[in-house]
Amino acid sequence: MDIIRSPEQMQTRAADYHRQGRTIAFVPTMGSLHAGHAQLVKLARQHADVVVASIFVNPLQFGVNEDFSRYPRALDSDSELLLQHKADVLFAPAVADMYPHGTAQTSFVEVPELANELEGAHRPGHFRGVATVVAKLFHMTQPHTALFGEKDYQQLLVIRHMVRDLNFPIQVISVPTVRDADGVALSSRNAYLSAALRARAPLLYQTLRHVKEQVQSGVTDFAMLEKQASSDLQAGGFVPDYLTIRHAHTLAAPQSHTENLVILAAARLGETRLIDNLQIGPI
Ligand code: PAF
């Protein structure tokens, strides 16, 4: 596996692959890789001749009071995981090379509406940062296919919109969330949880499952379900930002319980903010 640091070198390498007629599958990450990322790389292998993974902790998608500086970084163990899962290239650029004129001076990509609610409302500017860096990474790695985890469900929809609106010739593949045995969605941020808080974490997924069961058993009073679920989370020590049932494709409030739905939640457990979701019906 080659490690490429410079955006220009990455672009040249991607152009070489295109010239050779080789297809590229891309897995963008912020590192601190876990089994969820391994799954993305494994699937990427099935979709293209060459697998490129990136590791870049993107300052543009963190708010001023968020965890950019303490976000876990583990390049050595990440490289081993990528090698083990047969990635061909690890692209790991420096912040100064991605944003040579500073993050305040960079052009950006804004995806309207979808990006301004739920995560977007609680983390203003977050999706602008995500869309901008993913667009830049797409230009640098020139993939035919890009793989994203469904755990960041709203992010997945934002990226799909950007790809559609800006005509990126890229197939976006979503990959189901990988969970620990107790149901907790794998996330690099789980490392922040103390043992005591980690023991409480399964309640988030249990609550989502309970809501899903209620909807599937015919309960149509979604406001009541959301309220009950939020208070269950609170009783278990979480501080919810939202728990909401939405249309699975638009994230609009559902008109009927027979639509494709998704239950999305974000809640703090101690200092750690966890997000998770559960789809009801096919995506
Ligand atoms: O999901 C992530 O890890 C990040 O948001 C992404 C897509 C790599 C962009 O920085």
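The structure presented is a predicted model; accordingly, all values stated were derived computationally and were not measured.

Caption draft 1: Layout of the side chain of R123. Of note, R123 is situated in the loop between α5 (119-122) and α6 (126-141). In this view, R123 contacts Q61, F62, E66, R189 and R273; residues no more than four positions away in its chain are not counted.

Caption draft 2: The packing of helix α1 (residues 7-19) against α6, seen in detail. One can describe the packing of α1 onto α6 by two numbers: an axis separation of 7 Å at closest approach and a directional angle of 50°. Here α1 lies oblique to α6, going by the angle between them. Residue-level inspection shows P7, M10, Q11 and A14 of α1 in contact with α6, the latter providing H139, M140 and T141. When grouped by side-chain class, the residues that make up the contact of α1 with α6 number 4 nonpolar, 3 polar and no charged.

Caption draft 3: Structural context of the sheet that holds strand β1 (residues 2-4). Strand order in the open sheet formed by 6 strands is β1-β4-β3-β2-β5-β6, and the pairing between neighbours is parallel. Pairing within the sheet leaves two strands with one partner each, and these edge strands are β1 and β6 (171-175). The mean inter-strand angle of the sheet, taken between neighbouring strand axes irrespective of direction, is 25°. Both strand β2 (residues 24-29) and strand β5 (residues 145-149) contribute to a ladder of 2 bridges, which runs parallel. Within the sheet, the bridge partner assigned to A25 lies in β5 and is T145. Against the sheet, helix α3 (residues 75-84) engages β1, β3 (50-55) and β4 (89-91), with an angle of about 165° to β3. Of the strands in this sheet, β5 and β6 touch helix α7 (residues 153-165), which is tilted by about 170° from β6.

Caption draft 4: Main features of helix α9 (residues 202-216). For α9, built from 15 residues, the straight-helix expectation of 21 Å at 1.5 Å per residue is met to within 8% by its first-to-last C-alpha distance of 21 Å. Summarising the contacts, the buried residues of α9 are in contact with α8 (195-200), α10 (222-235), β7 (239-247), β8 (261-269) and β9 (272-280). Phi turns positive, to about 105°, at G218, one or two residues after α9.

Caption draft 5: Structural view of the pattern of salt bridges. Under the criterion given, the structure shown has 14 salt bridges. When the shortest N-O distance is used, the salt bridge between R198 and D180 registers 3.1 Å. With R198 in helix α8 and D180 in the loop between β6 and α8, the pair connects residues that are 18 residues apart, well separated along the chain. According to the relative accessible area criterion, R198 is partly exposed, its value standing at 21%.

Caption draft 6: Layout of the site of the ligand. By nearness alone, every residue bordering the ligand is listed as P28, T29, M30, Q61, V133, V134, F148, D152 and Q155. Q61 is positioned with one of its side-chain polar atoms (N or O) 2.6 Å from an oxygen atom of the ligand. Coverage of the ligand by the protein chains reaches 88% of its 290 Å² of free accessible surface. If you list the elements that add at least two residues to the shell around the ligand, you get β2 and α6.

Caption draft 7: Representation of the pairing of β5 in the model. Burial analysis of β5 places 4 of its 5 residues in the buried class, which makes it a mostly covered element. As paired elements, β5 and β6 share 5 bridges and run parallel to each other. Residue pairing across strands places G149 opposite V175, the latter belonging to β6. For the handedness criterion, the β-α-β arrangement of β5, α7 and β6 is classed as right-handed.

Caption draft 8: Examining the packing of aromatic side chains more closely. Counted by the stated rule, this structure contains 6 aromatic pairs. An angle of 75° between the planes, with centres 6.2 Å apart, marks the rings of F26 and F138 as edge-to-face. Separated by 112 residues along the polypeptide, F26 in strand β2 and F138 in helix α6 bring together distant segments of the chain. Given a relative accessible area of 0%, F26 falls into the buried group. If you follow R70 out to its NZ or CZ, it ends over the ring of Y192, 4.0 Å from the centre. Sitting above the plane of the F108 ring, R128 keeps its charged end 3.6 Å from the centroid.

Caption draft 9: Expanded view of the packing of α6 against α7. Packing of α6 against α7 brings their axes to within 10 Å, and their N-to-C directions diverge by 55°. The pairing of α6 with α7 is recorded here as oblique in orientation. Two packed elements cross with a definite hand, and for α6 against α7 that hand is right-handed. Here α6 contributes F127, V130, A131, V134, A135 and F138 to the contact with α7, which in turn contributes Q154, Q155, V158, I159, M162 and V163. Taken together, the residues of the contact of α6 with α7 sort by class into 10 nonpolar, 2 polar and no charged.

Cut-offs used in this document
Residues numbered from 1 in each chain as written. Predicted model: local features only at pLDDT ≥ 70, side-chain atom pairs only at ≥ 80, totals over all residues. Heavy atoms only, no water. Helix = DSSP H or I, 4+ residues; strand = E, 2+ residues; numbered from the N terminus. Contact = heavy atoms within 4.5 Å. Axes fitted to C-alpha atoms, helices over the stretch in contact; angles between N-to-C directions. Parallel < 35°, antiparallel > 145°, perpendicular 65-115°, else oblique. Nonpolar A, V, L, I, M, F, W, Y, C, P; charged D, E, K, R; others polar. Pairing = 2+ DSSP bridges. Expected span 1.5 Å × (residues − 1). Salt bridge = Lys/Arg side-chain N within 4 Å of Asp/Glu carboxyl O. Buried < 20%, exposed > 50% of the residue type's maximum accessible area, 1.4 Å probe, protein only. Near = heavy atom within 4 Å. Polar contact = N/O pair within 3.5 Å; in protein donor to acceptor, adjacent residues only side chain to side chain. Areas by Shrake-Rupley, 256 points an atom, 1.4 Å probe, with all protein chains shown as cover. Right-handed = clockwise from strand over helix to strand, strands pointing away. Phe/Tyr/Trp six-rings, centres within 6.5 Å; stacked < 30°, edge-to-face > 60°. Lys NZ or Arg CZ within 6 Å of the ring centre and 35° of its normal. Left-handed = near helix turned anticlockwise from the far one by under 90°.

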